[in-house]
Amino acid sequence: MTLRLSTSPHLRSPQSSTRLMLNVIIALLPSAAFGVYNYGYKALMLILVSMLSAVVSEYLWQRLTNRPVRIKDCSALVTGMILALCVTPEAPWWMLVVGSAFAIIVVKELFGGIGDNFINPALAARAMLLASWPMVMTRHIDIDGVSSATPLAEGAQSQFSYLDLLIGRIPGVIGETCKLAIIVGIVYLIVSRTVTWRIPVFTILSAFVMAWIVGLDPVYHVLSGGIIFAAAFMANDYTTSPMTRGAQMVYASGIGIITIIIRKWGAYPEGATYAVLFMNLLTPLLDRYIPHRVYGHSKREAKN
Amino acid sequence: MKLTFKRGVHLSYANKNATKTSPIRDFVSDEVRLITSMHIGAPSKPIVKKGDKVLMGQVIAEPVGFLGIPVHASVSGEVTDVSMIPYLGEGNVECITIANDYEDKWTELTPLGSVESVDPALIVPAIKNAGICGMGGASFPTHVKLSIKPEQKCEAVLVNGAECETHLTCDHRLMLEQGEKIVGGLRAVMRALGSEKGIICVEDNKPDAIANLKRLALNAQGVTVQVLKTKYPQGGEKQLINAVLKRQVPFGKLPIDVGAVVVNVGTCAAIYDAVVYGKPLISRVTTVTGCVNKPSNLRVRIGTVVEDMIGACEGYSAEPGKIAFGGGMTGLCLPGTDLPMAKSTNGIVVYSVKDSKSIDEGPCIRCGKCVAACPIGLNPYLIKRAADADKLEEAKKLYVNDCILCGCCSYECPSRRWLTASFKIVKQKLAIQAKQNGGKG
């Protein structure tokens, strides 16, 4: 009888990286389902094309660069799915191919692959698409297929009731319109211990408070645009969000505040994308300067 | 109110069900092997030789140095061997083998009487003579822990009944079946230290033990029972003090520096036996569980060989892949089953071949679960990066020396990274470095 020797611990949590990524996909399903229900097979096709393109890009890149192929961790699927859910159903399919390839190769793999990218790949790709094809990316149709203004466009404020916003009876991108579906996703992520509650809750809360401070209708502003989707699936991205409790709260509050600042004074009607990207850049600093207090030490000396 | 410490982990599988309802049963084997370094500190010096007849409780190895404690014969019979054997991480250690004559004839004992009437000054020496060291796993000599300086004041004695480790239920059963010994032992410690407060700390997953101890505490002066939330590593000395007293032990200091002394429940019961009956520490309760046919809480003589204990549990239920002393989070792997258990062995867990498979590391995905889990407040992912690059100084700056090797980060890591394992190595390297630097002057 030979016995194996290993260092403790001898038990590991059932949550593997793959399991966590699958949890995110499960949490995205209600939003995706609502998008498909609203916009039909076209939305479904865009989601599938985007996911496929992301995985293929990752596979090809890792093969070409002789790195271990890690498509089994499902993180590329998540990136592709999130990207598809935040583009308009009017987008041509090739745009998603370009977008997810950009997300995976340029934003993620070039910086070292999973865990080493410094901004959220899906969001960076969305920003790239928005900058490259602004006309297509901002062409929105309402649920009856008629082209119309989104709730955050100028002069559109009075068209929609809170209920319309909550259940998604508004024009917009594939997966961001139905806030209820997204909230179901957030709850699943928190209950399954995939993410902590701090980032989504503080993002939404700070956007609410900030909107109220600058004189906007807080309920309307939280329920419209991409803030809730960003709070659920973008701000929460493991790699690009801070780890300590304090840093997470500052980071999330920053996203909410900057989103409202862009909406109120910026040139774009919506600011969640840029708010998250900006706070992504601050993540290393936040982690470093808002650490957990080390047990038994009075205060933490400045690092390095 | 239920108390707890910051962070830590909720373990998904505690594996305690197999043994938590199995009453303690006695098991005595034909032979015991008593190693002389069961405690932290210099190994004791054997004073018997092959062929000697020994009585139960007779001193067979004398204490050496400040941290020394004696070793006692745990059975009566004949010494059949005194030799060096390889023992876990300690290299070769001296081992005294005694063949049991099953007469259980005690050597002459000197009882001190009731814990309430004994002269407090006699308690600590009695503990030393009884060869008692921390039975929760740390094996630190108890008399040293209780020898506080005159200027130090022990405000509260905490009895550690958290048993936060997986698999183990020996403390649970002890609290349920021999609660009076624990309360009595606590009273002895309180009187020895002149402490007014004694707090027995138990996690809320052991309601029957809590009820029993609460009932017993009614008749003991200054003794209370504190219920804790079930969370790992609650039973870590530093975490327990933090949870119950809301104080932190400064780095490099001892619990007594914040007015506390922490004693394990098993140790408390041993102290009771030492004071009231004059009995040295010759047996303890050990949980034997995992892939054995009859998972049990065995009261065994110190020095019982693992193989015999597994036999007492009716053998393996599946092919064993790994056997460890202690629970799933901090257990120490055994190279073979011919080794004896020691005073601090609180459990023997047999893992199946499937559960013993080697785990491959994935890349860090920066999920932050290690940071959220670390009870000390470290950044395990950063320390791991420094450790992988062999940057010892950087690891030190990241407080790797504060790491208690509880295993929370490794447990939580979804990429299955060997965090705790690498910190253990870094800490060892730093210790060697410090020794060398110290040697140079």
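Residues numbered from 1 in each chain as written. Chains lettered and ligands numbered in written order. Predicted model: local features only at pLDDT ≥ 70, side-chain atom pairs only at ≥ 80, totals over all residues. Heavy atoms only, no water.

Draft legend 1. The arrangement of the overall build of chain B in detail. From N to C terminus, chain B includes 14 helices and 17 strands. Each of the three principal axes of chain B carries a C-alpha extent, and together these read 60 × 55 × 45 Å. Burial statistics for chain B: of 441 residues in total, 60% are counted as buried. Sequence separation of 24 or more characterises 73% of the internal contacts of chain B that already satisfy a separation of 6 or more. Put simply, chain B shows about 17,300 Å² of open surface, and 53% of that area lies on carbon and sulfur atoms. Each charge sign in chain B was given a centre, from 53 positive and 43 negative side chains, and these centres are 8 Å apart. (Helix = DSSP H or I, 4+ residues; strand = E, 2+ residues; numbered from the N terminus. Buried < 20%, exposed > 50% of the residue type's maximum accessible area, 1.4 Å probe, protein only. Contact = heavy atoms within 4.5 Å. Areas by Shrake-Rupley, 256 points an atom, 1.4 Å probe, with all protein chains shown as cover. Lys, Arg positive; Asp, Glu negative; His and termini not counted. Charge placed at Lys NZ, Arg CZ, Asp CG, Glu CD.)

Draft legend 2. Here's a closer look at the packing of helix 8 (residues 179-191) of chain A against helix 11 (residues 227-234) of chain A. Residue and element names in this part refer to chain A. Running from N to C, helix 8 and helix 11 point in directions that differ by 25°, and their axes come no closer than 9 Å. Viewed along their axes, helix 8 and helix 11 adopt a mutual orientation that is roughly parallel. Of the two possible hands of crossing, helix 8 and helix 11 adopt the one that is left-handed. Taken together, the residues of helix 11 that come into contact with helix 8 (itself represented by Lys179, Ile182, Ile183, Gly185, Ile186 and Leu189) are Ile228, Phe229, Ala232 and Phe233. Of the residues assigned to the contact of helix 8 with helix 11, the class counts are eight nonpolar, one polar and one charged. (Axes fitted to C-alpha atoms, helices over the stretch in contact; angles between N-to-C directions. Parallel < 35°, antiparallel > 145°, perpendicular 65-115°, else oblique. Left-handed = near helix turned anticlockwise from the far one by under 90°. Nonpolar A, V, L, I, M, F, W, Y, C, P; charged D, E, K, R; others polar.)

Draft legend 3. Quick peek at the pairing of strand 11 (residues 223-228) of chain B. Residue and element names in this part refer to chain B. Burial runs high along strand 11: five of the six residues are buried. Of the pairings in the sheet, the one linking strand 10 (residues 197-203) to strand 11 comprises six bridges and is parallel in character. Bridge pairing links Glu203 to Leu228 in strand 11. (Pairing = 2+ DSSP bridges.)

Draft legend 4. Inspection of the interface of chain B and chain A at higher detail. Chain B puts 65 residues into the contact, and the matching count from chain A is 42 residues. Roughly 4,900 Å² is buried in total at the junction of chain B and chain A, and carbon and sulfur atoms are behind 54% of that figure. Contact with chain A buries area across many residues of chain B, yet Ile365, Arg366 and Tyr399 of chain B alone supply 15% of it, more than any other trio. Across the contact surface, chain B and chain A share two salt bridges. Joining chain B to chain A, the criterion identifies 26 residue pairs in polar contact (both at pLDDT 80 or more). (Buried area = accessible area lost by both parts, 1.4 Å probe. Salt bridge = Lys/Arg side-chain N within 4 Å of Asp/Glu carboxyl O. Polar contact = N/O pair within 3.5 Å; in protein donor to acceptor, adjacent residues only side chain to side chain.)

Draft legend 5. Representation of the pattern of salt bridges in the model. Using the criterion set out here, one finds 20 salt bridges over all chains in the structure. With its nearest N and O atoms 3.7 Å apart, the salt bridge here joins Glu176 of chain A to Arg126 of chain A. Taken as a pair, Glu176 of chain A in the loop between helix 7 (162-167) and helix 8 and Arg126 of chain A in helix 5 (residues 121-132) lie far apart in primary sequence, 50 residues in all. In this structure, Glu176 of chain A and Arg126 of chain A share a single accessibility class: buried. With its nearest N and O atoms 3.2 Å apart, the salt bridge here joins Lys2 of chain B to Asp204 of chain B. Residue Lys2 of chain B is found in the segment before helix 1 (17-20), and its partner Asp204 of chain B is found in the loop between strand 10 and helix 6 (207-217); the two are separated by 202 residues along the sequence. Given the relative accessible area of 44%, Lys2 of chain B is considered partly exposed. Put simply, Glu361, Lys384, Asp388 and Arg417 of chain B are held in one network by salt bridges that share partners.

Draft legend 6. View of unusual backbone geometry. Residue Pro9 of chain A is bonded to the preceding Ser8 of chain A through a cis peptide linkage, with omega at 0°. Although it is not a glycine, Arg7 of chain B sits at a positive phi angle of roughly 60°. Locating Arg7 of chain B in the fold gives a position in the segment before helix 1. Judged by relative accessible area, Arg7 of chain B falls into the buried class, the value being 7%. Phi is positive for Glu163 of chain B, close to 40°, though the residue is something other than glycine. With a relative accessible area of 7%, Glu163 of chain B lands in the buried category.

Draft legend 7. Spotlight on the confidence of the model for chain B. Residues and elements named next belong to chain B. Summarising the model, chain B shows a mean pLDDT of 92, and 99% of its residues fall at 70 or more. Ranking the elements of chain B by mean pLDDT puts helix 14 (residues 419-440) last with 87 and helix 8 (residues 265-277) first with 95. Predicted complex metrics record ipTM = 0.87 and pTM = 0.90. (pLDDT = per-residue confidence, 0-100.)

Draft legend 8. Seen up close, the environment of Ser100 of chain A. Residue and element names in this part refer to chain A. Its location among the elements puts Ser100 in helix 4 (residues 93-108). Judged by its relative accessible area of 0%, Ser100 is buried. Distance from Ser100 to Ala43, taken between C-alpha atoms, is 16 Å for residues 57 residues apart in sequence. The residues touching Ser100, leaving out its near neighbours within four places in the chain, are Ser50, Ser53, Ala54 and Leu83. Within polar-contact distance, the side chain of Ser100 engages the side chain of Ser53 at 2.9 Å. In terms of polar contacts, Ser100 uses its side chain to reach the backbone carbonyl oxygen of Leu96, at 2.6 Å.

Draft legend 9. Quick look at the sheet that holds strand 10 of chain B. Residue and element names in this part refer to chain B. What the four strands build is an open sheet, ordered 11-10-9-12; its pairing is parallel. Two strands bound the open sheet, and with one partner strand each, they are strand 11 and strand 12 (260-264). Looking at each pair of strands side by side, their axes are set apart by 25° on average, direction ignored. Sheet analysis places strand 9 (residues 156-161) next to strand 10, joined by six bridges and oriented parallel. Looking at the pairing, Leu158 lines up with Ile199 of strand 10. Along the sheet, helix 8 contacts strand 9 and strand 12; its crossing angle with strand 12, the most-contacted strand, is approximately 85°.

Draft legend 10. Quick look at the domain arrangement of chain B. All names here are of chain B. By domain assignment, chain B separates into domain 1 (120-277) and domain 2 (369-440). Across the contact, five residues belong to domain 1 and seven residues belong to domain 2. Carbon and sulfur atoms make up 65% of the area that domain 1 and domain 2 hide from each other, which totals about 500 Å². Counting the surface domain 1 buries against domain 2, the share from its top three residues, Tyr232, Gln239 and Phe251, is 69%. Summed over the shared surface of domain 1 and domain 2, the result is zero salt bridges. Applying the counting rule to domain 1 against domain 2 returns one residue pair in polar contact (both at pLDDT 80 or more). Split into classes, the residues belonging to the side of domain 1 that touches domain 2 amount to three nonpolar, one polar and one charged. (Domains from an automatic or database assignment.)

Draft legend 11. Just the state of the cysteines, in detail. All names here are of chain B. Applying the stated criterion across every chain yields a total of zero disulfides over all chains. Free of any disulfide, Cys164 has its nearest neighbouring cysteine sulfur in Cys408, separated by 8.6 Å. Judged by relative accessible area, which is 13%, Cys164 ranks as buried. For the unlinked cysteine Cys313, the closest cysteine sulfur is that of Cys291, found at 13 Å. (Disulfide = S-S within 2.5 Å.)

Draft legend 12. Structural context of the nonpolar core. The biggest cluster of nonpolar side chains holds 78 residues, and the ones touching the most others in it are Phe229 and Phe233 of chain A. Setting aside anything within four residues of it in sequence, one finds Phe229 of chain A in contact with Leu28, Ile82, Leu85, Cys86, Gly175, Glu176, Ile182 and Met234 of chain A. Core analysis: the second largest hydrophobic core is formed by 48 residues, Val202, Ile210, Ile271 and Val285 of chain B among them. (Core = buried A, V, L, I, M, F, W, Y, C linked by side-chain atoms within 4.5 Å.)

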